[in-house]
Amino acid sequence: MKELRATVTLKKASAEGSGRLLHHILKPEIFRDPEANEKDVRDRLLWSETNLPIGLDRANPKVISKVLDGHFEGRAARNHLSVVLSIERCFDPALYADAVQRLRSAAHAWLRRFAPNSMYVLACHGDKLHPHVHIVVCNWDPRGKRSLTFSRHQIVFMNSLDWCPPQVGLIPGAGLYAQSQDFKAPKSKNMREQIGRAHV
């Protein structure tokens, strides 16, 4: 099995509810810029999953968001976390298809390690040459009675990929997509070095 580089991007928590994000990641994409559709696909959603009791209806992201955002037990702000797990560019169709399946395994491994008790929605996109999966989780652990907060050390650990089972075949790719990543992405050389040390 060929090892593939991967990155984990943790976005800022949002108090606006997850409706807009879910609409964005679940809807069939209409590409205004043809160059954005690198794989020339009509529907970028390759697969989706959830542990919500209502399932996934792509036509009604608002209904999904109400259930996802409703697991807060008296908290004033609706809140969710958005995580993107990306694999390096794959030009070979067979390797791309394999990478998409690896993303499913990696996404579940991430959930087991970092958000084992939270409600989630997974959406894997195949419009880019680098396949990626969006992980949207309710920012609340109902068993631990706490929100999900991750330190800089934990972000480094996420990008070390040491939490991902070896048989999935993913290795750290810190800095692959630094321009598009959020404030907690491994942009700096110092953080990439930390990830490298964590992986050793």
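For the structure given in this document, a descriptive report is provided here.

Parameters and conventions
- Residues numbered from 1 in each chain as written.
- Predicted model: local features only at pLDDT ≥ 70, side-chain atom pairs only at ≥ 80, totals over all residues.
- Heavy atoms only, no water.
- Helix = DSSP H or I, 4+ residues; strand = E, 2+ residues; numbered from the N terminus.
- Buried < 20%, exposed > 50% of the residue type's maximum accessible area, 1.4 Å probe, protein only.
- Areas by Shrake-Rupley, 256 points an atom, 1.4 Å probe, with all protein chains shown as cover.
- Salt bridge = Lys/Arg side-chain N within 4 Å of Asp/Glu carboxyl O.
- Phe/Tyr/Trp six-rings, centres within 6.5 Å; stacked < 30°, edge-to-face > 60°.
- Lys NZ or Arg CZ within 6 Å of the ring centre and 35° of its normal.
- Expected span 1.5 Å × (residues − 1).
- Arc of directions from axis to C-beta.
- Contact = heavy atoms within 4.5 Å.

### Quick notes on the overall build of the chain
A tally of regular secondary structure across the chain gives five helices and six strands. Counted from the first residue to the last, the chain has its helices and strands arranged as β-α-β-α-β-α-β-β-α-β-α. Here the chain holds 200 residues, and the buried ones make up 46% of them. Taken as a whole, the chain presents about 10300 Å² of accessible surface, with 50% of it coming from carbon and sulfur.

### Overview of the pattern of salt bridges
In the structure shown here, the tally under the stated rule is six salt bridges. Between Glu49 and Arg104 there is a salt bridge, with the nearest N and O atoms lying 2.4 Å from each other. Within this pair, whereas Glu49 is found in strand β2 (residues 45-50), its partner Arg104 is found in helix α3 (residues 93-114), the two being separated by 55 residues in sequence. A residue is classified by how much of its surface remains accessible, and Arg104, at 26% relative accessible area, is partly exposed.

### What about the packing of aromatic side chains?
Think of a pair of aromatic rings as described by two things: how far the centres are apart, and how the planes are tilted against each other in angle. If you walk through the whole model with that rule in mind, you get five aromatic pairs. Look at Phe114 and Phe157: their rings are 6.1 Å apart centre to centre, the planes differ by 65°, and that puts the pair in the edge-to-face class. Pair noted here: Phe114 is in helix α3 and Phe157 is in helix α4 (residues 152-160), with a separation of 43 residues, a long-range link. On the numbers, 5.9 Å between centres and 80° between planes, the contact of Phe114 with Trp163 is edge-to-face. Here Phe114 is found in helix α3, whereas its partner Trp163 is found in the loop between α4 and β6 (170-172), with 49 residues between them in sequence. Take Phe114 and Trp163: they sit in the same class, and that class is buried. Three or more aromatic residues joined by ring pairs make a cluster, and in this case those are Trp110, Phe114, Phe150, Phe157 and Trp163. Sitting over the ring of Tyr96, Lys39 keeps its end group 4.0 Å from the ring centre. The side chain of Arg113 reaches across the aromatic face of Phe114, ending 5.1 Å from its centre.

### Thoughts on α3
Here α3 is 22 residues long and its end C-alpha atoms lie 31 Å apart, about the 32 Å a rise of 1.5 Å per residue gives. Listed as buried for α3 are Leu95, Tyr96, Ala99, Val100, Arg102, Leu103, Ala106, Ala107, Ala109, Trp110, Leu111 and Phe114.

### Focus: unusual backbone geometry
One non-glycine residue, Asp40, lies in positive phi territory at about 55°. One non-glycine residue, Lys145, lies in the positive phi region at around 55°.

### Overview of helix α2 (residues 61-69)
Listing the buried residues of α2 in full gives Pro61, Ile64, Ser65, Leu68 and Asp69. Each buried residue of α2 lies within a common arc of 120° when the element is viewed along its axis, so the set occupies one face. Among the exposed residues of α2, those oriented more than 90 degrees off its buried face are Lys62 and Lys66. Buried residues along α2 sit in contact with α1 (19-26), β3 (80-87), β4 (120-125) and β5 (132-138).

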